[in-house]
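Examining the three-dimensional arrangement
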Amino acid sequence: IFVHEGNSIEGIQAMPGINRWPLNTVISEVKRAWGLGIRCIVLFPKIADSLKNEDPVECFNPEGLIPKAIRLIKKELPEMTIMTDVALDPYSCDGHDGIVSDEGIILNDQTIEYLCRQAITQAESGADLIGPSDMMDGRVGAIREALDEEGFEHVGIISYTAKYSSAYYGPFREALDSAPRHNTVKPIPENKNTYQMDPANAREAITEAHLDEQEGSDILMVKPGLAYLDIIHRLRSESDLPIAAYNVSGEYAMVKAAAERGWIDEKPVVLETLLSFKRAGADLILTYHACDAAEWL
Ligand code: PBG
């Protein structure tokens, strides 16, 4: 679920069939999902440009968009499991998941301090499952330790374990206006290749899975899902933890676009796609098709 600042009567389209919701009406979408049998949602923020900063402190503002949305949803529908996204890109004017140095380097360890504060703020607001999507090295262990120290032993971690540097994230970055951005002050890397994984590298997913397990992740997620079914399959046999598949925005958009043109029949294509995640070994599926699929099933 995409949330945005400000008040509007209803959602604003973020992708075909997916809206960005203001805080005053987001609960209607959450209740709709609940009514269809969905028991876990993930929240993503589209924050105002004026709040984006080179030093993205907004990511741990307790009065920020995500903490407010979590509190609101937990008040109205406490049983709904809320998963969050931990990364700096929606809050950074540079559009990277980490802090960018003057030389254009992503600062791994400094970023982890921000991620820990972001995770704690989300947990304090009532989040159930923290989802680090940033791909900094060592962040799962650091977040686990930070949560435990603050008394949030009961809050889980679903790590983006094998997150590839993929072109399939396009519609998501459009929806949040969060893609890496040029500026005249310092060089900004155009892509996320230094921290997200090389799509040609399958073995690295296994290394990442072992690290995340040791660092205390409760669920391992593969992202994208559809173009990486082999990775889901490998991690299923490599780990005893639950494996999640993230059926990302570009994968969703392809199906919606073809369906809108009448080139494919949406319902059977979506259900077959979701089935393929299960066949590959996924225990959980994070997908923009969730409400449609729940209705059809
Ligand atoms: C932020 C984040 C991204 C996605 C989820 N969390 C974008 C990115 O890494 O650039 C993409 C999700 C999608 O495409 O649906 N770190």
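Residues numbered from 1 in each chain as written. Predicted model: local features only at pLDDT ≥ 70, side-chain atom pairs only at ≥ 80, totals over all residues. Heavy atoms only, no water.

**What to know about the pairing of strand 2 (residues 12-15)**
For the record, the criterion: At least two DSSP bridges between two strands are required for those strands to pair. Secondary structure elements follow DSSP: runs of H or I of four or more residues count as helices, runs of E of two or more count as strands, with numbering from the N terminus.
Strand direction decides the pairing type here: strand 2 and strand 3 (residues 18-22), joined by three bridges, are antiparallel. When the sheet's bridge partners are listed, Gln13 is paired in strand 3 with Asn19. The antiparallel pairing of strand 2 with strand 3 creates a hairpin that spans two residues between the two strands, and Gly17 there sits at a positive phi of about 80 degrees.

**Observations regarding the sheet that holds strand 1 (residues 2-4)**
Let me state the cut-off plainly: Only C-alpha atoms enter the line fits that serve as axes; for helices the fit covers just the stretch in contact. Angles between N-to-C directions range over 0 to 180 degrees.
In space, the four strands of this open sheet follow the order 2-3-1-5, with mixed pairing throughout. The open sheet has two edge strands, strand 2 and strand 5 (44-46), and neither has a second partner. When strand polarity is set aside, the average angle formed by the axes of neighbouring strands in this sheet is 40 degrees.

**Here's the deal with the pattern of salt bridges**
Here is the rule: Only one rule defines a salt bridge in this text: a Lys or Arg side-chain nitrogen within 4 Å of an Asp or Glu carboxyl oxygen. Note on exposure labels: buried denotes an accessible area under 20% of the residue type's maximum, exposed denotes more than 50%, and partly exposed covers the range between, all computed with a 1.4 Å probe on protein chains only.
Tallying each qualifying case throughout the model produces 16 salt bridges. As a salt-bridge pair, Lys31 and Glu76 come within 3.3 Å of each other at their nearest N and O atoms. Taken together, the residues span a long stretch of sequence, with Lys31 in helix 1 (residues 26-35) and Glu76 in helix 2 (residues 65-76) at a distance of 45 residues. A relative accessible area of 41% places Glu76 in the partly exposed class. The residue Lys256 makes a salt bridge to Glu266 at a minimum N-O spacing of 2.9 Å.

**Some thoughts on the packing of aromatic side chains**
The test is simple: Any pair of Phe, Tyr and Trp rings, taking the six-membered ring for Trp, is counted once the centres come within 6.5 Å. Such a pair is stacked with planes under 30 degrees apart, edge-to-face with planes over 60 apart, and tilted for the rest.
Under the criterion given, the structure shown has nine aromatic pairs. Relative to Phe172, the ring of Phe44 lies with its centre 4.9 Å away and its plane at 90 degrees, an arrangement referred to as edge-to-face. Residue Phe44 is located in strand 5, and its partner Phe172 is located in helix 5 (residues 170-176); the two are separated by 128 residues in the primary sequence. Each member of the pair, Phe44 together with Phe172, is buried.

**Some remarks on the environment of Gly151**
Among the structural elements, Gly151 can be located in the loop between helix 4 (139-149) and strand 10 (156-163). Here the alpha-carbon distance between Gly151 and Pro187, two residues 36 residues apart in the chain, equals 40 Å.

**A few points about empty space enclosed by the protein**
Condition: Put simply, the grid is 1 Å and covers the protein atoms alone, a cavity is a trapped set of points that fit a 1.4 Å probe, a pocket is an open set with protein on both sides within 12 Å along at least five of seven lines, and lining residues have an atom within 4 Å of a point. Grid points are joined across faces, edges and corners, and a volume is the space filled by probe spheres set on the points. We call Asp, Glu, Lys and Arg charged. Ala, Val, Leu, Ile, Met, Phe, Trp, Tyr, Cys and Pro are nonpolar, and the rest, Gly among them, are polar.
Applying the stated criterion across every chain yields a total of two cavities of 30 Å³ or more. Lining the largest cavity are 17 residues, with Asp89, Lys163, Tyr169, Phe172 and Lys223 sitting closest to its centre. Within the residue set of the lining of the largest cavity, elements represented by two or more residues are strand 10 and helix 5. Here the lining of the largest cavity is built from residues that sort into seven nonpolar, three polar and seven charged. Approximately 30 Å³ is the volume attributed to the second largest cavity. Looking at the second largest cavity, the residues that line it are Cys59, Ile66, Pro67, Tyr91, Gln118, Thr121 and Gln122. Every element with two or more residues in the lining of the second largest cavity is listed here: helix 2 and helix 3 (108-125). It is helix 3 that provides the largest number of residues to the lining of the second largest cavity, a total of three residues. Taken together, the residues that form the lining of the second largest cavity break down as four nonpolar, three polar and no charged.

**Quick look at helix 8 (residues 249-260)**
Which entries qualify depends on this criterion: Every helix has an expected span of 1.5 Å times one less than the residues it contains. We call two residues in contact whenever any of their non-hydrogen atoms come within 4.5 Å of each other.
The terminal C-alpha atoms of helix 8 lie 16 Å apart, and with twelve residues this matches the ideal 16 Å at 1.5 Å per residue to within 8%. For helix 8, the complete set of buried residues consists of Ser249, Gly250, Glu251, Tyr252, Val255, Lys256, Ala258 and Ala259. Looking at the buried residues of helix 8, the elements they touch are strand 2, strand 3, helix 5, strand 12 (243-247), helix 9 (266-280) and helix 10 (290-296). Within two residues after helix 8, Gly262 carries a phi angle of roughly 80 degrees, on the positive side.

**So, the environment of Pro62**
Mapped onto the elements, Pro62 comes out in the loop between strand 5 and helix 2. Sequence separation of Pro62 and Gly104 is 42 residues, and the distance between their C-alpha atoms is 29 Å. Other than its neighbours up to four places away in sequence, Pro62 contacts Pro67, Arg71 and Thr121.

**Regarding a negative patch on the surface**
Condition: Grouping into patches uses exposed residues only, defined as over 30% relative accessible area, and leaves out salt-bridged ones; the cut-off is 9 Å for like charges and 5 Å for nonpolar side chains (Val, Leu, Ile, Met, Phe, Trp, Tyr). The Shrake-Rupley method, run with a 1.4 Å probe sphere, supplies the accessible areas, and residue values consider only the shown protein chains as cover. Only four residue types enter the tally: Lys and Arg on the positive side, Asp and Glu on the negative side; His and the chain ends are excluded. By convention, charge coordinates are those of NZ in Lys, CZ in Arg, CG in Asp, or CD in Glu.
On the surface, a cluster of negative charge is made up of Glu124, Glu145, Glu149 and Glu150. You can see Glu145 is positioned in helix 4.

**Here's the deal with the site of the ligand**
The test is simple: For this description, a residue counts as near a given molecule or strand if any of its non-hydrogen atoms is within 4 Å of it. Polar contact criterion, stated in full: a pair of N or O atoms within 3.5 Å, where within protein one must be able to donate a hydrogen and the other to accept it, and residues adjacent in sequence count only if both atoms are side-chain atoms. Should more than half of a molecule's atoms lie within 2 Å of a pocket's or cavity's grid points, that molecule is taken to sit in it.
Near the ligand there are 18 residues, and of these Lys163, Lys192, Lys223, Ser249 and Tyr288 occur at the shortest range. Between the ligand and Lys163, the relevant distance is 2.6 Å, taken from an oxygen atom to a side-chain nitrogen or oxygen of the residue. The side chain of Tyr246 places a nitrogen or oxygen atom 3.2 Å from an oxygen atom of the ligand. Comparing atom positions with the cavity grids shows the ligand to sit within the largest cavity. Here the shell around the ligand is composed, by residue class, of eight nonpolar, three polar and seven charged.

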